[in-house]
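Commentary on secondary and tertiary structure
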Amino acid sequence: SSSRQVDSEAVVFRHDPRLQWPSLQYYTREQVEAFFRDVNTSNIPVCFLLAADGWPVDAWAEHITNDILKPTHMKKLSGSHHFHADPDSVEAVANEIIVFAEEQKM
């Protein structure tokens, strides 16, 4: 945890250490592909935002995203894995979600 001084009072940020544990759920490539196919055939509009400096995307993941999931709105934005929560990139993420919602007439 980290702390900083605010108005002479210590503020301590904490998180549940279980968030650092390995995931209990993993999916096979076949399961991911089946899920993406189900979403695509359901005709559900998909907004797919990718962080430029985020989780690494290999050729397989790029293929299934473009060719199987087929998002209706896809954009790569600057930022890290948590670009949706980072003060430097959250506005761009929110703006893209608004654009997507407007495109879908939501």
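A brief report on the enclosed structure follows. (Residues numbered from 1 in each chain as written. Predicted model: local features only at pLDDT ≥ 70, side-chain atom pairs only at ≥ 80, totals over all residues. Heavy atoms only, no water.)

Another point: the overall build of the protein chain. Within the protein chain, the regular secondary structure consists of three helices and four strands. Relative to the 2.2 N^0.38 estimate, which gives 13 Å for 106 residues, the radius of gyration of the protein chain is 18 Å and therefore markedly larger than a compact globule would have. By residue count, 20% of the 106 residues in the protein chain fall in the buried class. Partitioning the intrachain contacts of the protein chain with sequence separation of at least 6 by distance along the chain shows that 64% fall at a separation of at least 24. Accessible surface, the protein chain: about 8500 Å² in total, of which carbon and sulfur atoms supply 54%. Positive and negative side-chain charges of the protein chain, numbering 9 and 16 respectively, have mean locations separated by a distance of 4 Å. (Helix = DSSP H or I, 4+ residues; strand = E, 2+ residues; numbered from the N terminus. Rg over C-alpha atoms; globule rule 2.2 N^0.38 Å. Buried < 20%, exposed > 50% of the residue type's maximum accessible area, 1.4 Å probe, protein only. Contact = heavy atoms within 4.5 Å. Areas by Shrake-Rupley, 256 points an atom, 1.4 Å probe, with all protein chains shown as cover. Lys, Arg positive; Asp, Glu negative; His and termini not counted. Charge placed at Lys NZ, Arg CZ, Asp CG, Glu CD.)

Another point: helix 1 (residues 29-41). Over its 13 residues, helix 1 extends 18 Å from the first C-alpha to the last, a length consistent with the 18 Å expected when each residue adds 1.5 Å. Residues of helix 1 that are buried include every one of Glu 33, Phe 36 and Val 39, and no others. Seen end-on, helix 1 carries its buried residues on one side only, within an arc spanning 125°. With respect to the buried face of helix 1, the exposed residues turned more than 90 degrees away are Glu 30, Phe 35 and Thr 41. (Expected span 1.5 Å × (residues − 1). Arc of directions from axis to C-beta.)

Attention now goes to unusual backbone geometry. In this structure, Asn 43 takes a positive phi of about 55° despite not being glycine. In this structure, Asn 43 sits in the loop between helix 1 and strand 3 (47-53). Not every positive phi belongs to a glycine, and Lys 105 is a case in point at roughly 55°. Structurally, Lys 105 can be placed in the segment after helix 3 (90-103). You can call Lys 105 exposed: its relative accessible area is 74%.

A few words on the pattern of salt bridges. Here the idea is simple: oppositely charged side chains can pair when their charged atoms come close. Considering all chains together, one arrives at four salt bridges under this definition. Here Asp 58 ties to Arg 29 by a salt bridge, and the two come within 3.3 Å at their closest N and O atoms. Placement of Asp 58 in the loop between strand 3 and helix 2 (59-69) and of Arg 29 in helix 1 is noted, with a sequence separation of 29 residues between them. Accessibility expressed as a relative area gives 37% for Asp 58, which makes it partly exposed. (Salt bridge = Lys/Arg side-chain N within 4 Å of Asp/Glu carboxyl O.)

Now for the nonpolar core. In this structure, Phe 36, Val 39, Val 46, Ile 64, Ile 68 and Leu 69 together form the largest nonpolar core, which totals six residues. Looking at this core, the elements that each hand over two or more residues are helix 1 and helix 2. Per-element accounting of this core gives the leading share, three residues, to helix 2. Other than its neighbours up to four places away in sequence, Val 46 contacts Val 39, Leu 69, Pro 71, Thr 72, His 73 and Phe 100. Counting residues in hydrophobic clusters, the runner-up holds five residues, among them Leu 49, Leu 77, Phe 83 and Val 93. (Core = buried A, V, L, I, M, F, W, Y, C linked by side-chain atoms within 4.5 Å.)

Taken as a whole, this structure holds one aromatic pair when the rule is applied. Between the aromatic rings of Phe 35 and Phe 36, the centroid separation amounts to 6.2 Å while the plane-to-plane angle is 50°, which identifies the pairing as tilted. (Phe/Tyr/Trp six-rings, centres within 6.5 Å; stacked < 30°, edge-to-face > 60°.)

The next thing to look at is the pairing of strand 4 (residues 73-80). Side chains on a regular strand alternate between the two faces of the sheet. Judged from the six bridges that link them, strand 3 and strand 4 form a sheet pairing that is parallel. Across the sheet, Cys 47 pairs through a bridge with His 73, a residue of strand 4. (Pairing = 2+ DSSP bridges.)

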